[in-house]
Amino acid sequence: MTAASPPIHRETWIEQVKKNLFRNWWSGLITVVLLPTTGYLAYRAFKFFFINGQWEAVQVNLTLFMQGTFARDEQWRLIAQILIFGLAFGVGLGTASGAAHDRADDAGLVFKRSSLADTLKRMWSLVAFIALLLFFASTDETGNLINPYLVVAGGLGLSFVGYQAFRLPRRLRNLGWLLTMVLLVLGFQVVSGFDAESWVPLSLILGSAAYASVPTEMFDTAATRQAVKVLAALGAVAVVFAIYRVVDAPGIGWDEWSGLHLTLMTSAIAIVLAFPLGLLLALARRSTLPALRLMATTYIEVIRGVPLITLLFMGQFILGFMVPAGTDLSDITRAIAAMTLFTAAYVAEIVRGGLQSLPSGQTEAGQALGLAPPTIMRRIVLPQALRAVIPAMVGQFISLFKDSSLLFIIGITEFLRVRTLVHAQAAFRGVAIAETLVFVAIGYWAFAFAMSRESQRLERRLRVSR
Amino acid sequence: MTTPQTTEQARPPFWRDIRVIRVAGQIGAVVVVFLILNWLISNLINNMNRLNISTSFDYLFGPTNFQIPYDPQFNPRSPVWEMTLVGVKNTFLAGFFGIILASIVGLIVGIARLSENWLVARLATVYVEFFRNIPPLVLIIFFGFAVFTFGPFPILSESWEVKAPGSDDNLLLINNDRWGVPGVTQDGSVAIFWAILAVGIVAAVLVWRWRTRNFDRTGQPHHRVLWVLGVLIIAFLIGFFASGQPFDMSWPALSENRRQVVGGFEVNWGFLSITIALGLYTASHIGEIIRGSILAVHGGQSEAANALALSAFQRYRFVVLPQAMRIAVPPTINQFLNLVKNTSLGTAVSFAELTALTKTSIGNGRPAFQSIVIMMGIYLAFSLIISLILNIVNRRLQLVSR
Amino acid sequence: MKRSKLLAAMAALTLVLAACTTDTGTNGGGDSDGGTLQAVLDRNELNCGVNESLPGFGVVDDQGNFSGFDIEFCRVVAAAVLGDADAVSYKPLTAEQRFTALQAGEIDLLIRNTTWTATRDGQEGVHFLFTTFYDGQGMMVPAASGHTTLEDLDGANICVLSGTTTELNLTAVFNARGISFNPVVFEDNSQLRPAYEEGQCEAWTSDASQLGSWKFTLEAEGGEEQLIMAEIFSKEPLGPAVADGDTEWAQVVNWAVMATVQAWEFGLNSGNIGSYDGTDPNILNFLGTDNFNPSLGLPSDFAVQVVTQVGNYEEIYNQFAELAPLAGSVNDLWSNGGLMYVPPYR
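Given the structure is predicted, the values throughout are model-derived calculations rather than measurements.

Check the secondary structure of chain B and you find 11 helices and eight strands. Its C-alpha atoms give chain B a radius of gyration of 28 Å, clearly above 21 Å, the size a compact globule of 402 residues would have. Projecting the C-alpha coordinates of chain B onto the three principal axes gives extents of approximately 100 × 70 × 50 Å. Among the 402 residues that make up chain B, the fraction classed as buried is 34%.

Quick look at the structure:
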């Protein structure tokens, strides 16, 4: 006879309650005190949300909260942006999923793909917020240009279509990343317009992508390959430039943005701009050259030692005088500059942490191969270090997103300040103040919570993969 | 890369010589930074001169011209630097009490998140996820509204008075504007008291050392805390009576016109809102740090404590927390730093801290550049002091560990 | 040799930087070569600094449109200069940053309930123009409190908005009379109103026009009856302001704004100005129909544009129910005993 397996004891719910809530006398006491308190608070919250709350102030001004004073007859730009970003989100997610599949294949593991629905489930707070917006929008009689339901459905549909990028064959994986980048830039420019110097970022992305991904296997000498790459990059730049010459479509620059759109975009723009600056600062702080190290350290420590609001004041009151007379820097440009300079110092510390976490053996291995220091940095150190700092960067982005509420104090009409506008209207002058504040808090919370969940997940995955 | 016998000819050309590149690179970087700074500052000076904006710091000695909220002692004719000092004081107070609140709540929440009680753990998680993901500015405005403006408290002239049992003195004066708590007043002979207390403190340190040495030598229980407390209490009592009872309790009460709190110590709603909001916000971050640090303490440590039959409290107090603290202290002090910086949002609740006062001052015609530079310098000083504390604490913790 | 190479490189770098310095754009307002007027004409849009949350003077409706008394005067200037009252880009500004925005050339014109004071005229580098609204600071208390004079408020909490002259006036008046008080300073009225209603402060001080509109709102919504004290304790002439040192632009703005009062005086309004068939030479001059052009830098028909597209002063004023009745107030026409008096257009 084999040994009898231990009897499986299924806990009844009473036992579970006892174990989880009344394990010993003080645990029981805490439960007895906390349970009614929680219940009461939940009751108050319920009453506020569903019975006493006067939500007309939010309902009527929903569009104002979303886009602020952004011109209403240009609203299609924002809708196009949502759709393009939806597609970009899908493509990026699909490509990431495909790349994960590739790695699993290499490691000989079975890969279970997480579907788009899983991602949406992870971001439930955001989904709930959008549902709340749709609920308010459905009772809004002001006649928006386009039904918000269609916009959300379109965005979801496009991200589903984009998600199919995981089906791309492996050698086209880079194309997926490239497409995501191009879509992000396009989505940005559909609002900001295709005029003037706006061709520069797109041509830079496309040019460097062409340089990196043009197939050169058929050429023999390194020199020819190099030449082909350079030609491809120049060609891409020329194509973009030509397109921009033909399509001269001015848009709405960020000076005219406001509302939640501005809140999201300023944080995104600032972190994107801060990244290269932060990277340089981190490298300078780690460098063996004392002058560089000193300057970088001073900058980082001074900026980290002062509150963001002082830098924003600096931007509002002084930055305008630090450029030659007549140079037009709008308040939003100056605020973005202040946020960028602020964030760069934090990004530098994050990147420095990533660089320090890398075992020195990596660098030494590069040196043993006789690689030049810049090559070691570019090919060996940075790719690994930057991968390791992704969760911290998301954390920094969340922090910046929350900090963008400080633009309220310097009078920029971002998400929080829309409240001020609403409560100056004759119908809502000083009424429903708590309701609008709660709505704004929910908005901030939904985005920050979704992102923090995502960053925790990334962190877990990176830890596992190491 | 060069061999010892390198001759002049064998050296690489100077543009490939690492030493030259290093020096040139540094000079180049310094020059570029200098040129940019120079350009910015010369523009600034040109523009300010062109627009006839003052570039001197004389305004610091001119009158403030406005009344500081909740500071009746402040004379609006006082110079601007005195106003700045009031701001520094208020920033310090909000930061100090915020840090205390954040530490206590953060510790509780961090431990509660790991509680075996499902409800406690769940509530702690909800707390963390709620507070962590809302901008502090929104929280401050929310607390100002929820607790005071729309809160349950009466208006100033109808304050609730919590009496000390069996007396007419108010222990607490509560309303929606400013709270009164008991304070202490002192008279002239107070110096004798402090002198005696100082002697007592020295004695207490000596007793502490003695008990420690005794413990190390003999292994008898040291009861250091009890001993030291005893010494301090004795010193306090001797000092108190020897100097003729220099202290008097001062109880808060409403003034005759019921518009002021006289006696005691007064805290205003802006201070309370910002301290509570920032304390709770920072506590959610500290809670996560504590939780992570507790989890980082090796599981074997807890098991060992269990094997020694320590109670849950003893396990935490003597085994887990001391080790977790070593990991938790540096990031926690960073959070303290963030809290102090976030007190700059006091303007949302009429709290007269440094930034709010500077902002009002600029709005009333004081030069922006100078005001902002001074303000940044003060915050920088706060940060440097906290960083200094962080370094000292770090060094001590490391000494303990090795 | 090494030196010289390095020097050459540095020189090149300096040149590049210098090049960057010199070719920065000159499209802002302020002090570009062609002056602000030319800049506005080139841009075909007027950048107007406004308040976005002051009932009656500047608010944003749920469609994102600006409206208010100050906003109308931005439109007046746009109509006069560009012939299109809608060619305005509104820049909401806080009280603290409005002068910086003007000095830095971010806006061409500031119409944000700004009081004309000596400090601002001198030290802040601002040039004030024709006063569009005469106001004064007042004090409001709940009628039930029984307070009627400032002395009754000794030691009381007084609600006030931050960064405005209101705060300074309050301090000056109370100090001069030896009354103590405690200011409770708010960023905007959406915070201030509940604080006042819930009794956190006993009194609310602001410009009388504002208090009047809040009294109306509070009482209309079924709140307590409010009392605005009889004493007005400051002069608050509110009007447009431009940056110092550009007289051409100042002149243009001034005459565009004054045209609304002149039209009122002539009895011209948006309804009848197009069909004027009289022979009054002054009016014909004003309308620009007889090729009269005083070389102000404005088109000769600017007054017609202003009045047809926006209206005369009275029409503008009466659009905003929040403001106190015009007739008989200090803002009435001089011939009716008010202060609205403009130099003759001839």
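Read on, since the account is not over.
Looking only at helices and strands, chain C features 12 helices and 15 strands. C-alpha atoms of chain C, sized along the principal axes, occupy 85 × 70 × 40 Å. Looking at chain C residue by residue over its 346 residues, the buried ones come to 54%. Considering only residue pairs separated by 6 or more positions, chain C has 72% of its internal contacts joining residues 24 or more positions apart.

Many structure descriptions define interface size as the accessible area lost when the parts assemble. In this complex, chain A contributes 44 residues to the contact, which on the side of chain B involves 44 residues. Secondary-structure elements contributing two or more residues to the side of chain A that touches chain B are helix 1 (13–21), helix 2 (25–52), helix 13 (290–305), helix 14 (308–317) and helix 20 (433–465) of chain A. Counting residues per element, the side of chain A that touches chain B draws most heavily on helix 20 of chain A, which supplies 10 residues. A breakdown of the residues in the side of chain A that touches chain B according to their chemical character gives 34 nonpolar, eight polar and two charged.

What follows deals with the sheet that holds strand 4 (residues 66–67) of chain C. Residue and element names in this part refer to chain C. One open sheet holds the three strands; their spatial order is 2-3-4, and the pairing between them is antiparallel. Pairing within the sheet leaves two strands with one partner each, and these edge strands are strand 2 (53–54) and strand 4. Pairing of strand 3 (residues 58–60) with strand 4 involves two bridges; the strand directions are antiparallel. Residue V60 lies in a different strand from strand 4, and its bridge partner there is F66.

Residues and elements named next belong to chain C. On average, residues of chain C score 85 in pLDDT, and 90% of them are at 70 or above. Of all the helices and strands in chain C, helix 1 (residues 2–22) carries the lowest mean pLDDT, 39, while helix 3 (residues 69–82) carries the highest, 95. This stretch, residues 1–32, has a pLDDT under 50; its non-local contacts, to residues over four places away or in other chains, come to 43 contacts. Reported confidence for the predicted complex is 0.88 by ipTM and 0.88 by pTM.

So, on to the sheet that holds strand 10 (residues 156–161) of chain C. All names here are of chain C. Strand order in the open sheet made by the five strands is 11-10-12-9-13, with mixed pairing throughout. Both edges of this open sheet fall to strand 11 (181–186) and strand 13 (226–228), since each of them pairs with a single strand only. When the angles between neighbouring strand axes are averaged without regard to direction, this sheet yields 30°. Summarising the sheet, strand 10 and strand 12 (residues 203–207) pair through two bridges and their orientation is parallel. Looking across to strand 12, one finds that C159 is bridged to W204. Packing of helix 8 (residues 208–220) onto the sheet brings it into contact with strand 9 (137–142), strand 12 and strand 13, and relative to strand 13 it is tilted by some 165°.

So, on to the nonpolar core. Core analysis: the biggest nonpolar cluster contains 220 residues, and C74, V77 and A256 of chain C have the highest contact counts within it. With 15 residues, helix 15 (residues 331–357) of chain A is the single largest residue contributor to this core. In contact with C74 of chain C, other than residues within four places in its own chain, are L46, C48, V50, V88, Y90, L109 and I111 of chain C. Counting residues in each nonpolar core, the second largest holds 33 residues, with L78, V91, A232 and L262 of chain A among its members.

This part is about helix 6 (residues 224–242) of chain B. Over its 19 residues, helix 6 of chain B runs 27 Å from end to end, which matches the ideal 27 Å to within 8%, given 1.5 Å per residue. Positive backbone phi, approximately 75°, marks G244 of chain B, located one or two places after helix 6 of chain B.

This paragraph deals with the packing of helix 2 of chain A against helix 3 (residues 118–132) of chain B. Contact pair helix 2 of chain A / helix 3 of chain B: the axes reach a minimum separation of 9 Å and the direction vectors enclose 45°. Taken together, the axes of helix 2 of chain A and helix 3 of chain B lie oblique to each other. For the element pair helix 2 of chain A and helix 3 of chain B, the recorded crossing hand is left-handed. In this structure, helix 2 of chain A contributes I30, T31, L34, L35 and T38 of chain A to the contact, and helix 3 of chain B contributes L119, V120 and L123 of chain B. The residue inventory of the contact of helix 2 of chain A with helix 3 of chain B, partitioned by class, reads six nonpolar, two polar and no charged.

Listed by partner, the interface residues are 32 residues for chain A and 33 residues for chain C. Broken down by secondary-structure element, the contributors of at least two residues to the side of chain A that touches chain C are helix 14 and helix 19 (415–422) of chain A. Ranked by residue count, the leading element in the side of chain A that touches chain C is helix 19 of chain A, at three residues. Here the side of chain A that touches chain C is built from residues that sort into 12 nonpolar, 15 polar and five charged.

Residue and element names in this part refer to chain B. One can find G346 in the loop between helix 9 (312–342) and helix 10 (354–363). According to the C-beta neighbour criterion, G346 is buried, with 27 such atoms within 10 Å. Residues within four places of G346 in sequence aside, it is in contact with A94, G270, I274, F351, E353, T355 and A356.

Residue and element names in this part refer to chain A. In the contact formed by helix 12 (residues 259–286) and helix 13, the axes pass within 7 Å of each other and the chain directions differ by 125°. Between helix 12 and helix 13, the interaxial angle falls into the category oblique. Here helix 12 and helix 13 pass one another in a crossing that is left-handed. Of the residues in helix 13, those touching helix 12 at L281, A284 and R285 are L292, R293, M295, A296, T297, Y299 and I300. Of the residues belonging to the contact of helix 12 with helix 13, the class tally is seven nonpolar, one polar and two charged.

Take helix 11 (residues 302–309) of chain C next. Residues and elements named next belong to chain C. Where burial is concerned, most of helix 11 is hidden: six out of the eight residues are buried. For helix 11, every residue scored as buried is listed here: F302, A303, V304, Q305, V306 and V307. Considering only its buried residues, helix 11 is in contact with helix 3, helix 9 (247–266) and helix 10 (281–287). A positive backbone phi angle near 125° is found at G311, which sits one or two residues after helix 11.

All names here are of chain C. With six of its six residues buried, strand 10 lies for the most part within the structure. Both strand 10 and strand 11 contribute to a ladder of six bridges, which runs parallel. The residue bridging A156 from the neighbouring strand is F181, located in strand 11. Handedness of the β-α-β unit built from strand 10, helix 6 (residues 165–176) and strand 11 comes out right-handed.

Moving on, we get to the pairing of strand 5 (residues 88–92) of chain C. Residue and element names in this part refer to chain C. With four of five residues buried, strand 5 is to be regarded as a mostly interior element. Sheet topology places strand 1 (residues 46–50) next to strand 5; five bridges connect them, and they run parallel. Note that in strand 5 the partner of V50 across the bridge is P92.

Rules and cut-offs
Residues numbered from 1 in each chain as written. Chains lettered and ligands numbered in written order. Predicted model: local features only at pLDDT ≥ 70, side-chain atom pairs only at ≥ 80, totals over all residues. Helix = DSSP H or I, 4+ residues; strand = E, 2+ residues; numbered from the N terminus. Rg over C-alpha atoms; globule rule 2.2 N^0.38 Å. Buried ≥ 20, exposed ≤ 12 C-beta atoms within 10 Å, placed from the backbone. Contact = placed C-beta atoms within 7 Å. Nonpolar A, V, L, I, M, F, W, Y, C, P; charged D, E, K, R; others polar. Pairing = 2+ DSSP bridges. pLDDT = per-residue confidence, 0-100. Axes fitted to C-alpha atoms, helices over the stretch in contact; angles between N-to-C directions. Core = buried A, V, L, I, M, F, W, Y, C linked by C-beta atoms within 7 Å. Expected span 1.5 Å × (residues − 1). Parallel < 35°, antiparallel > 145°, perpendicular 65-115°, else oblique. Left-handed = near helix turned anticlockwise from the far one by under 90°. Right-handed = clockwise from strand over helix to strand, strands pointing away.

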